[in-house]
Amino acid sequence: NDASFPVPLGPDAFDLAAHYPELHAGAAERGEAPPQVEFADVGCGFGGLTVRLAEAYPDKLVMGMELRDKVTEYVKERILALRKQHPGRYRNASVVRTNAMKFVTNYFRKGQLTKLFFLFADPHFKASNHRRRIIQRTLLAEYAYLLRPGGLLYTITDVEDLGNWQRDRLEAHPLFERVSEEELANDPAAQLLLQGTEEGQKVARNGGKTWRHVYRRIAGPSDQ
Ligand code: SAM
């Protein structure tokens, strides 16, 4: 539950040095500003995408965000083991235990993120539980706030009803526009959506269908 994990009061209080110690120290030695997180994998589960993004984008900081304590601990250990096995790599991957629906704006600043991922989000099938879905109108306003104009929001699900819901909410939001399939064919991150995560691999093994909707954060009046 929410009471049992610490939440930074705001982005300035979020201790990035603890998450990315080598990169942080390196920047300090060179007298540079500490590097900032650009990619967030929301509901990262066992961290497959977080790790693969860190491989594919070695110069970007990737943060997995996960609600379940034990799962978060697993991802933490996974990343530490990878760092040990492959010196110099995976320094750009980390994970935090949090309730992203409640607290995502405590971790990042306005316009800080360039990619935001929601892979195989919990479907919350019953209509009375739809307000618990992680893509919805009020939360899209927060995601738009955190995403830099031009940044991308990725969703994929094996639940058709949820896919349609995510598409419809994104379509209805004035600060998001759909990214074409042609553009996604050349986007390495989009290629990781199905094969990159534990849940995606399970769906692929079972020959299941998936619904992928990717939207671009476009500039609005408050970005001028
Ligand atoms: N994205 C992973 C994948 O594709 O393998 C995990 C998918 S799993 C079905 C959904 C994950 O989202 C679970 O691990 C769950 O604990 C996490 N989750 C659900 N609500 C969350 C929230 N509000 N904040 C952070 N994580 C959440």
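Residues numbered from 1 in each chain as written. Predicted model: local features only at pLDDT ≥ 70, side-chain atom pairs only at ≥ 80, totals over all residues.

Focus: the site of the ligand
Formally: What makes a residue near a molecule or strand is its C-beta atom, placed from the backbone, lying within 6 Å of it. Numbering of helices and strands runs from the N terminus; a helix is a DSSP stretch of H or I covering at least four residues, while a strand is a stretch of E covering at least two. Gly counts as polar in this scheme, as do all residues outside two lists: the nonpolar Ala, Val, Leu, Ile, Met, Phe, Trp, Tyr, Cys and Pro, and the charged Asp, Glu, Lys and Arg.
Every one of the 20 residues lining the ligand counts as a neighbour, but Gly43, Gly45, Leu67, Thr197 and Glu199 are closest to it. Elements with a minimum of two residues in the shell around the ligand: β2 (61–66), α5 (100–103) and α10 (198–205). By residue number, the principal contributor to the shell around the ligand is α10, which donates three residues. Residues belonging to the shell around the ligand are distributed by class as follows: nine nonpolar, six polar and five charged.

Brief notes about the pairing of strand β3 (residues 93–97)
Using the following cut-off: Three exposure classes are used. Buried residues have 20 or more other C-beta atoms within 10 Å of their own C-beta, exposed residues have 12 or fewer, and partly exposed residues fall in between, all C-beta atoms being placed from the backbone. Any two strands with at least two DSSP-identified bridges between them are counted as paired.
Burial of β3 is extensive: five of the five residues sit out of reach of the surface. Here β3 shows no split at all, with Ala93, Val95 and Arg97 on one side and Ser94 and Val96 on the other all buried. Two strands pair when backbone bridges link them, and β2 and β3 are joined in this way by five bridges, in the parallel orientation. Following the sheet pairing, methionine 65 is matched in β3 by valine 96.

Some remarks on helix α9 (residues 188–195)
To be explicit about the condition: The arc in question is traced by the directions running from the helix axis to the C-beta atoms. By the criterion used throughout, residues are in contact when their C-beta atoms, derived from the backbone, lie within 7 Å.
Of all the positions in α9, only Ala189, Leu192 and Leu193 are classed as buried. Projected down its long axis, α9 carries its buried residues within an arc of 120°, all on one side. In α9, the exposed residues that point more than 90 degrees away from the buried face are Pro188 and Gln195. The secondary structure elements touched by the buried residues of α9 are α3 (48–56), β4 (113–119), β5 (147–157), α10 and β7 (211–217).

Here we look at the environment of leucine 170
Along the chain, leucine 170 turns up in helix α7 (residues 160–172). Of the residues examined, leucine 170 has 21 C-beta atoms within 10 Å and is grouped as buried. For leucine 170 and proline 87, which are 83 residues apart along the polypeptide, the C-alpha to C-alpha distance reads 40 Å.

Regarding the sheet that holds strand β1 (residues 37–42)
Cut-off, in case you're wondering: Helix axes are fitted to C-alpha atoms over the stretch in contact, other axes to C-alpha atoms as well, and angles between N-to-C directions run from 0 to 180 degrees.
One open sheet accounts for seven strands, arranged β3-β2-β1-β4-β5-β7-β6; its pairing is mixed. Looking along the sheet, the strands with just one partner apiece sit at the ends: β3 and β6 (176–178). Averaged over all neighbouring strand pairs, the angle between strand axes comes to 20°, with direction disregarded. Two elements, β1 and β4, share four bridges in a ladder whose sense is parallel. Each residue of the ladder has a partner; that of valine 42, found in β4, is phenylalanine 118. Along the sheet face, helix α4 (residues 69–85) touches β2 and β3 and points at about 160° away from the line of β3.

Regarding the packing of α9 against α10
At a minimum axis separation of 6 Å, α9 and α10 run at an interaxial angle of 65°. Here Leu193, Leu194 and Gln195 of α9 come into contact with α10, specifically with Gly200, Gln201 and Ala204. Partitioned by chemical class, the residues of the contact of α9 with α10 number three nonpolar, three polar and no charged.

Here's the deal with unusual backbone geometry
Of note in this structure, tyrosine 90 is not a glycine but carries a positive phi near 65°. Position of tyrosine 90 among the secondary structure elements: in the loop between α4 and β3. Tyrosine 90 sits in the buried class, given 23 other C-beta atoms within 10 Å. Backbone geometry at histidine 124 places phi at a positive 45°, although glycine is not the residue there. Of the residues examined, histidine 124 has 16 C-beta atoms within 10 Å and is grouped as partly exposed.

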